[in-house]
Amino acid sequence: MSGEEQAGRAGATDRNEEYERMEKWLDDHPEFTHDYFARKAKRSMVDGWLLAQALSHSPGLNFKQPETNNSSGSNSRNNSGTNTPVRKISAQEFDRGDTLNPIVSTVDGARTFLGPSTSQTSVTNKLHRRPRTELKTLDEKELMYELVIDICNELDVNSLCHKILQNVCILLNADRCSLFLVHGRGGEERFLEAKLFDVCADTTLEEVGENREAIRIPWGTGIIGHVAQTGDLLNIPDAYKDPRFNNEIDLQMGYRTRSILSTPIKDSEGVVIGVAQAINRINSKDEPFNSHDERIFSNYMAFCGIGLKNAQLYEKSLLENRRNQVLLDLARVIFEEQNNVADLIYKIMMHTQSLLQCQRCQVMLIDDLCKGIFSQVFDLENTDFDNSDTFNREWPAEPRFPIHIGISGYVAATGKTLNIANAYEDNRFDPTVDIDPNFKTKAILCMPIKNAHGKVIGVTQLINKLDGSIFKKNDENLFEAFAIFCGLGINNTQMYETVMKAMAKQRISLECLSYHASAPADEARRLKTMVIPSTYAYNLLDFSFSDFGLDDDDTLKASIRMFIDLNLLERFRISYETVCRWMLSVKKNYRDVTYHNWRHAFNVAQTMFCMLKSGQMDNILTETEKLALIIACLCHDLDHRGTNNQFQIKTSSPLADLYSTSTLEHHHFDQCIMILSTKGNDILCNIKQNEYEEIIQILENAILATDLALYFKFRGEFFNLVKSSETDWNRERDRDLLRSMMMTASDVSAITKPWEVQLKVADLIASEFFEQGDLEKTQLNIKPAEMMDRDKKDHLPDMQVGFIDSICLPVYQAIAEISPRLEPLLDGCKKNRQNWQYMSQQNSKHVVDECKKENESKDDNLQESESNEDEAMDNESKDDNNLQPMDTESGEDAEDIAVS
């Protein structure tokens with residue numbers, strides 16, 4: 001390597017290090033960098049930055065977000081997240097692409113800020129034009145080709161227009177040229193605005209940008225307006241002789257216009273998109289433009305129109321992309337904030353004010369409970385931001401200036417958007433709102449805020465553009481997108497707040513419920529001191545057990561005796577005082593309904609205990625299963641309301657809304673878990689986690705199994721399992737089926753009790769059913785089912801026989817096959833079926849005799865009717881003596897029981 005090469009590399013290294021130090025210094029001094037860029041940056045640098053930013057945010061390109069230092073966050077709110085720097089972009093930037101597509105763009109009319117997808121156009125390397133001296137040596141055809149090639153790859157509108165005008169100066173040998181673009185579309189007012197004005201062949205783009213002033217020409221006015229309106233070329237040899245010519249610019253610039261050649265610029269569809277104008281042909285004789293110039297000018301503008309349209313489309317696609325990025329950024333901010341509506345609105349307003357550059361921004365929310373007024377009003381001024389564009393003031397409890405009753409009220413009532421250029425010229429505006437002498441309302445843009453269902457939930461309002469202009473169509477489109485996001489975000493956040501409040505209320509309710517549902521500690525200590533009689537003293541091992549001779553304390557002590565005899569207290573380390581309090585709490589949480597009360601739960605638990613001990617089912621089940629089943633029996637009807645699942649559904653009760661299937665059973669389980677989780681009632685607190693989870697799972701399945709709908713669903717599988725020679729109680733599925741059927745057998749075990757007990761229980765059940773039937777008649781105005789209808793009480797024996805045949809006998813036959821020691825349940829069920837069948841026959845004969853007497857009375861006189869009635873009664877007595885009485889365990893004959 002030569003010395004020169006080494007020196008060159010060393011110099012390059014030094015330069016790179018120097019550049020890095022400079023860049024680091026600029027990063028450390030952002031205020032100086034911003035000030036320097038604002039003073040020194042040229043339009044081309046700004047355009048280059050915009051293009052780079054647009055491409056860097058395009059899909060498929062990775063970029064890193066600049067890190068911000070939040071260490072000095074004293075000017076921002078601490079908990080709202082509003083200290084996020086606002087995107088430094090304003091709505092005026094989108095005016096470069098004329099009016100962007102409206103927000104409503106989908107086929108079904110759904111609002112969206114995403115316009116039709118546009119393929120990204122790659123920016124190709126620009127071809128440099130030949131020097132002007134070399135171009136003058138070319139013939140006309142070669143020159144035209146060269147100048148067309150010069151513009152065909154240019155996609156920046158400013159640069160393209162500059163090239164077009166420079167090339168026109170070369171083609172026509174014109175002194176200077178100008179280019180005007182058409183603005184406005186559809187029903188909007190159209191006008192022409194000078195894109196580049198007075199460009200010479202040697203004028204640079206930077207010079208044009210620095211000296212350019214906005215020149216706007218109304219449609220159809222002057223030479224430019226006439227050409228745009230008619231679409232025809234206009235060649236004026238002497239401008240001052242044409243009445244359409246305006247010499248004001250000549251007077252301002254000290255220039256004299258002699259001849260003018262003006263032609264329209266059309267796109268591929270023939271629509272005028274601009275006007276190009278050449279002034280003063282350069283020659284020794286000051287001759288005007290001729291027909292040859294007209295032809296060349298028209299031909300070249302045909303190519304330029306296509307290129308200009310493509311550049312405008314490309315620019316619009318970039319702006320669409322930037323708009324989408326702005327709105328996606330807003331969507332991200334909105335949906336990150338779900339905790340508080342006020343914080344969400346602050347963020348939205350902060351982004352809105354920064355983007356649309358207005359003096360004030362307001363959001364007014366409507367509450368259904370507050371008729372005719374806004375329930376919440378949020379007001380933001382542009383002075384509420386510091387130099388870093390972060391929010392820096394605490395919000396007042398009230399807005400700092402009155403609500404526009406007329407404007408905002410109209411928008412809230414109609415759901416329409418209002419864009420008012422001059423508020424004082426609108427009769428809906430109330431001038432008294434401008435109470436601040438330093439503030440005067442001029443332009444207003446007011447839109448409704450709607451939720452996902454299209455209901456107006458508020459109004460958002462912008463007041464006065466910072467530059468003093470009116471709100472344009474692009475402002476409306478962007479503000480519309482903000483209003484849409486605002487509506488969705490507010491709706492979601494309000495729903496979230498509602499859910500959070502509901503959850504808080506639920507937690508409070510559960511705390512209150514747990515406190516009031518738990519038995520007092522002194523009652524538990526009293527029960528703890530009581531002597532617990534033996535199992536034999538209470539006859540707990542007898543399937544014919546009845547609780548009618550026991551008081552409430554006896555039922556509690558007998559329940560504790562079951563826990564003791566099953567060795568559950570010692571095995572699972574359950575505190576004796578805790579089990580006493582738990583037992584009292586369970587009893588307390590049963591309502592005082594006719595049948596499904598604490599007594600029923602106690603009897604179900606006794607049957608399960610008897611099946612485990614006397615039926616020797618404890619040889620099959622584990623201690624964990626036994627504990628879960630005893631708890632399930634005592635808790636399986638907790639908080640029963642005396643009505644069934646169908647009644648909950650028919651009345652649309654909260655329970656039916658909460659549980660779609662096994663409504664009451666799910667509620668019983670939830671109540672059971674609530675009691676078990678309450679301090680002082682937590683009998684499972686000393687159990688290992690894996691055992692606890694197993695017990696809870698068995699407990700849930702056991703309580704749900706008391707829903708007869710599930711019994712019918714699974715009993716066929718269980719019956720096939722019992723008949724199968726491959727029964728294996730080690731399989732969890734088989735054990736689950738067995739536990740479920742044992743729960744059903746215990747739940748309906750009243751059907752197996754001695755006849756006098758069965759009659760009393762049947763009367764209790766029927767009474768509770770009839771009470772539900774009465775409610776269905778009076779409250780729901782429907783005819784209840786036969787078993788619930790008090791008018792059908794004479795059919796009770798028939799219904800009992802059907803109940804035994806369809807539900808009871810099959811399950812008792814199945815479990816008797818598993819353990820012969822369970823046959824007393826089956827035997828008791830069969831005996832009660834015989835007695836109910838006997839009563840059914842008696843009722844049927846009585847109905848037949850009544851019909852017979854009614855028919856005879858129609859044919860005979862009163863005396864004969866009485867005689868026949870006596871004879872019929874004698875015959876009835878004879879027939880009754882011929883019927884055999886049913887055996888009962890109490891020794892009474894069936895006739896006496898039927899009469900009683």
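As a reminder, the structure under discussion sits directly above these lines.
Residues numbered from 1 in each chain as written. Predicted model: local features only at pLDDT ≥ 70, side-chain atom pairs only at ≥ 80, totals over all residues. Heavy atoms only, no water.

S.K.: Which parts of the structure should I look at to understand the overall build of the chain?
M.R.: Looking only at helices and strands, one finds 31 helices and 11 strands in the chain. Out of the 900 residues belonging to the chain, those deemed buried represent 45%. (Helix = DSSP H or I, 4+ residues; strand = E, 2+ residues; numbered from the N terminus. Buried < 20%, exposed > 50% of the residue type's maximum accessible area, 1.4 Å probe, protein only.)

S.K.: Help me understand the packing of aromatic side chains in this model?
M.R.: The geometry of an aromatic ring pair comes down to the distance between the two centres and the angle between the two planes. Here the structure, examined in full by the defined rule, presents 11 aromatic pairs. For the ring pair Phe32 and Tyr36, a centre distance of 6.2 Å and an interplane angle of 25° mean the geometry is stacked. Taken together, the residues span about one helical turn, with Phe32 and Tyr36 both in helix 2 (residues 30–40) at a distance of 4 residues. An aromatic cluster is built from Phe545, Tyr590, Trp598 and Phe602, whose rings are joined through pairwise contacts. The cationic tip of Arg360 hangs over the ring face of Phe439; the distance from NZ or CZ to the ring centre is 4.2 Å. Sitting over the face of the ring of Phe572, Arg571 holds its NZ or CZ atom 4.4 Å from the ring centroid. (Phe/Tyr/Trp six-rings, centres within 6.5 Å; stacked < 30°, edge-to-face > 60°. Lys NZ or Arg CZ within 6 Å of the ring centre and 35° of its normal.)

S.K.: Looking at this model, I keep getting lost on the packing of helix 16 (residues 552–565) against helix 18 (residues 576–588). Mind explaining?
M.R.: Working note: a packed helix pair is described by the angle between its axes plus the distance between those axes. Two numbers describe how helix 16 lies on helix 18: the axes approach to 11 Å, and their chain directions differ by 130°. As far as their axial angle goes, helix 18 and helix 16 are oblique. Considering only the axes of helix 16 and helix 18, their crossing is right-handed. Only Tyr576, Val579, Cys580, Trp582, Met583, Leu584 and Lys587 of helix 18 make contact with helix 16, whose side of the interface consists of Asp552, Leu556, Ser559, Ile560, Phe563 and Ile564. Residues that form the contact of helix 16 with helix 18 fall into these classes: 10 nonpolar, 1 polar and 2 charged. (Axes fitted to C-alpha atoms, helices over the stretch in contact; angles between N-to-C directions. Parallel < 35°, antiparallel > 145°, perpendicular 65-115°, else oblique. Left-handed = near helix turned anticlockwise from the far one by under 90°. Contact = heavy atoms within 4.5 Å. Nonpolar A, V, L, I, M, F, W, Y, C, P; charged D, E, K, R; others polar.)

S.K.: Please explain the sheet that holds strand 4 (residues 234–236) as it appears in this structure.
M.R.: To summarise the sheet geometry, strands pair through backbone hydrogen bonds and adopt either a parallel or an antiparallel arrangement. Strand order in the open sheet formed by 6 strands is 3-2-1-6-5-4, and the pairing between neighbours is antiparallel. For this open sheet the edge positions go to strand 3 (216–218) and strand 4, each flanked by a neighbour on one side alone. On average, each strand axis in the sheet is inclined to that of its neighbour by 20°, with strand direction left out of account. Where strand 1 (residues 174–183) lies against strand 2 (residues 191–199), 6 bridges are found, and the strand directions are antiparallel. Of the residues in strand 2, the one forming a bridge with Phe180 is Ala194. (Pairing = 2+ DSSP bridges.)

S.K.: How do you make sense of the side chain of Thr678 when you look at a structure like this?
M.R.: In this structure, Thr678 sits in the loop between helix 23 (663–677) and helix 24 (689–704). Here Thr678 falls in the buried class, since its relative accessible area comes to 12%. Within polar-contact distance, the side chain of Thr678 engages the backbone oxygen of Met674 at 2.7 Å. (Polar contact = N/O pair within 3.5 Å; in protein donor to acceptor, adjacent residues only side chain to side chain.)

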